[in-house]
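Take a look at the letters that make up each chain.
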Amino acid sequence: MAGLNKVVGSYDEALAGLTNDMTVMVGGFGLCGIPEGLINQMVKLGVSGLTAISNNAGVDDFGLGLLLQHKQISTMIASYVGENATFERQMLSGELNVILTPQGTLAEKIRAGGAGIPAFFTATGYGTPVAEGKETREINGRHYVLEEALTADFALIRAWKADTMGNLVFRKTAANFNPMMATAGKITVVEVEEIVEPGELDPDHIHTPGIYVDRVIKGVFEKRIEQRTVKQA
């Protein structure tokens, strides 16, 4: 990488500096918008003891499910984990520490981390196990729970297009958690379908400015469908 050009030529370079026991944010929702190649590279690197922050844990043989298969994740912070039997087994056996977080709260914890806001109050979860051990407060007659922001050592992001300066465009529902996670990583690595030159992206269409992005790599994607439903003939 030279100057403002953030494009890297290999997955080794994209994840340089990733080591054991780090916290990693991984974009996506189900299998939609996940950084497939970057996840596969983490498997190859064999890093372990990871804290993974993601909406979900993928499926058994794809996405973050691959890291779970190799027992590389020690703590999972997520809002939904219902499609992964490996996750269930590891959680019930005590091999995996799980912090379940309401989906909107998880999104706001990440957004707050990227914005430099250390914590915020939310009514979601008050009076439930979600609030156990957390500060609560009554404000204007309503009860709230204090939730701390989330940041990560690495944020692994999937985008549709990027220019060489790291400006990003997300496509449709693949945006999901990716834009907010891109702001909350000490090192943000983005896997994209297409890389263009500066000036080729309409400024009005850029979702994440390049100031948040450290590395960009052009990926090759399988784009697996999580649950395929077809009409009967």
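For the structure itself, look to the data block above.
All of these numbers come straight from a predicted model, not from anything done at the bench. (Residues numbered from 1 in each chain as written. Predicted model: local features only at pLDDT ≥ 70, side-chain atom pairs only at ≥ 80, totals over all residues. Heavy atoms only, no water.)

## Remarks on the overall build of the chain
Heads up, the rule is: Counting from the N terminus, the helices are the DSSP runs of H or I reaching at least four residues and the strands are the DSSP runs of E reaching at least two. For a compact globule the rule gives 2.2 Å times the number of residues to the power 0.38, and the radius of gyration it is set against comes from C-alpha atoms. Type-normalised accessible area, obtained with a 1.4 Å probe on protein chains alone, sets the label of each residue: buried when under 20%, exposed when over 50%, and partly exposed for intermediate values. Two residues qualify as a contact provided that any one of their heavy atoms is within 4.5 Å of a heavy atom in the partner residue. Note on areas: Shrake-Rupley with a 1.4 Å probe; residue coverage comes only from the protein chains shown. In summary, the charge assignment counts Lys and Arg as positive and Asp and Glu as negative, without counting His or the chain termini. Lys charges are placed at NZ, Arg charges at CZ, Asp charges at CG and Glu charges at CD.
Along its length, the chain carries six helices and eleven strands. Its C-alpha radius of gyration of 18 Å places the chain within 12% of the 17 Å reference for a compact globule of 233 residues. Every one of the 233 residues in the chain was classed for burial, and the buried ones make up 46%. When contacts within the chain are restricted to residue pairs at least 6 apart in sequence, long-range pairs at least 24 apart make up 72% of them. For the chain, the exposed area adds up to about 11500 Å²; of that, 51% sits on carbon and sulfur atoms. When the 20 positive and 27 negative side-chain charges of the chain are each reduced to one mean point, those points stand 4 Å apart.

## Brief notes about the packing of aromatic side chains
Basically, it comes down to this: Two rings from Phe, Tyr or Trp (for Trp, the six-membered ring) form a pair when their centres are within 6.5 Å of each other. A pair whose planes differ by under 30 degrees is stacked, one over 60 is edge-to-face, and the rest are tilted. We call a charge positioned over a ring when the NZ of a Lys or the CZ of an Arg lies within 6 Å of the ring centre and within 35 degrees of the ring normal.
Within the structure shown, the criterion is met by zero aromatic pairs. One cation-aromatic arrangement involves Arg 158 over Phe 221; the distance from NZ or CZ to the ring centre is 3.8 Å. One Lys or Arg, Lys 161, reaches over the ring of Trp 160 and ends 4.8 Å from the middle of that ring.

## Concerning the sheet that holds strand β5 (residues 119-122)
Test applied: Only strands joined by at least two bridges in the DSSP assignment are considered to pair. Axes here mean lines fitted to C-alpha atoms, for a helix over just the part in contact, with angles spanning 0 to 180 degrees between N-to-C directions.
Pairing in this open sheet of three strands is antiparallel, and the strands run β5-β7-β6 from one edge to the other. In this open sheet, the two edge strands, each paired with only one partner strand, are β5 and β6 (136-139). Neighbour to neighbour, the strand axes of the sheet diverge by 35° on average, direction disregarded. Here β5 runs beside strand β7 (residues 142-148); their pairing, made up of four bridges, is antiparallel. In the strand pairing of β7, Ala 119 is matched with Glu 148. Against the sheet, helix α5 (residues 103-115) contacts β5 and β7, and its axis sits at roughly 155° relative to β5.

## Here we look at unusual backbone geometry
The backbone of Asp 21 sits at a positive phi, close to 70°, despite the residue not being glycine. Using a relative accessible area of 60% as the deciding quantity, one classes Asp 21 as exposed. One non-glycine residue, Asn 140, lies in positive phi territory at about 50°. Along the chain, the position of Asn 140 falls in the loop between β6 and β7. What makes Asn 140 exposed here is its relative accessible area of 80%.

## So, the side chain of Glu 191
Selection criterion: Just to be clear on terms, a salt bridge is a Lys or Arg side-chain nitrogen sitting within 4 Å of an Asp or Glu carboxyl oxygen.
Mapped onto the secondary structure, Glu 191 falls in strand β10 (residues 185-196). Of the side chains bearing the opposite charge, Arg 158 lies closest to the buried Glu 191, which forms no salt bridge; the N-O distance is 6.4 Å. Sequence-distant contacts of Glu 191, defined by excluding residues within four places in its chain, comprise Tyr 11, Pro 35, Glu 36, Gly 37, Leu 38, Ile 157, Arg 158, Ala 159, Ile 217, Gly 219, Val 220 and Phe 221.

## Brief notes about the pairing of β6
Two strands pair when backbone bridges link them, and β6 and β7 are joined in this way by four bridges, in the antiparallel orientation. Looking at β7, one finds that Thr 136 is bridged to Val 145. The loop that links β6 with its antiparallel partner β7 comprises two residues; one of these, Asn 140, has a positive phi angle of about 50°.

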